[in-house]
There are 2 protein chains.
Amino acid sequence: MTNRLSSEERAALLETLPGWLPVTGRDAIHKTFVFDDFNAAFGFMTRIALKAEQMNHHPEWFNVWNRVEITLSTHDANGLTRLDVDLAAAIETFTRQ
Amino acid sequence: MTNRLSSEERAALLETLPGWLPVTGRDAIHKTFVFDDFNAAFGFMTRIALKAEQMNHHPEWFNVWNRVEITLSTHDANGLTRLDVDLAAAIETFTRQ
């Protein structure tokens, strides 16, 4: 099983992920993305879905119109792991495509 | 602009949509769908996305793994309209495909 990040690992890795913030009351990270319209938002979600399925590590997410709110945590580890950081990093690349 | 449903229209139309329930504190309807896995859940979401874009009427929705929670309301009308009922009916057909 993937291990939860230590406080030091968490701090160091989150520095590389601007805008991803800790979730209050959970060992998880969260970011909201806003696009021009639903087409762009769902296109972004589809890229993430393909990556998530490949990683076998999936987001918790909410969408309304042009807004996508993503929470990442590793359910099997009951907290934040390297998988979440890797998925967040991939998600960041999808905002630039 | 599409008009909000009357109480009578709402009651009559919701009878045709089993499992769709009113949202507390909002003029909206809600249903949760559960699938075998993320692939099935996101496939379902993708069918809905294509339909929603075609209708220019979009859901509010949350997904984690195999669960999709959908809320429908018409923002322009600040409540439930025929568009929501039509989208809910389309969504129901996508669960059977």
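All chains use their own residue numbering, which begins from 1 and follows the written sequence. As they are written, the chains are lettered A onward and the ligands numbered 1 onward, keeping that order. Under the rules for a predicted model, residues below a pLDDT of 70 receive no local features and side-chain atom pairs below 80 are neither given nor counted, while totals for whole chains, interfaces and linings still include all residues. Side-chain descriptors were evaluated using all non-hydrogen atoms of the structure, hydrogens and water having been removed beforehand.

### A short note on the nonpolar core
Stated precisely, the cut-off is as follows: Here, nonpolar core refers to any group of buried Ala, Val, Leu, Ile, Met, Phe, Trp, Tyr and Cys residues whose side-chain atoms link them within 4.5 Å. Residue burial is assigned from relative accessible area. The probe radius is 1.4 Å, only protein chains are included, and a residue is buried under 20% of its type maximum, exposed over 50%, and partly exposed in between. It only takes one pair of heavy atoms within 4.5 Å for two residues to be counted as in contact.
Within the largest apolar cluster, 52 residues are counted, with the highest numbers of intra-cluster contacts made by I70(A), W20(B) and I70(B). For I70(A), the contacting residues outside a window of four places in its chain are W20(A), I29(A), H30(A), K31(A), F33(A), F44(A), I48(A), P59(A), E60(A), W61(A) and I91(A).

### Some remarks on unusual backbone geometry
The line we're drawing: Numbering goes from the N terminus for both helices and strands, where a helix is a DSSP run of H or I of at least four residues and a strand is a run of E of at least two.
We note that N78(A) has phi near 55°; this positive angle belongs to a residue other than glycine. Mapped onto the fold, N78(A) is located in the loop between β4 (67-72) and α3 (82-94). A positive phi angle, near 50°, is found at N56(B), a position not held by glycine. Residue position: N56(B) is located in the loop between α2 (38-55) and β3 (60-64).

### Quick look at the packing of aromatic side chains
Worth spelling out the cut-off: Note on aromatic contacts: the rings of Phe and Tyr and the six-membered ring of Trp form a pair at centre separations within 6.5 Å, being stacked when their planes are under 30 degrees apart, edge-to-face when over 60 apart, and tilted otherwise.
Summed over all chains, the structure comprises 11 aromatic pairs over all chains. An angle of 20° between the planes, with centres 5.8 Å apart, marks the rings of F38(B) and F42(B) as stacked. Taken together, the positions of F38(B) and F42(B), both in helix α2 and four residues apart, correspond to about one turn of that helix. Each of the two residues, F38(B) as well as F42(B), counts as buried. Taken together, the ring pairs connect F38(A), F42(A), W61(A), F38(B), F42(B) and W61(B) into an aromatic cluster.

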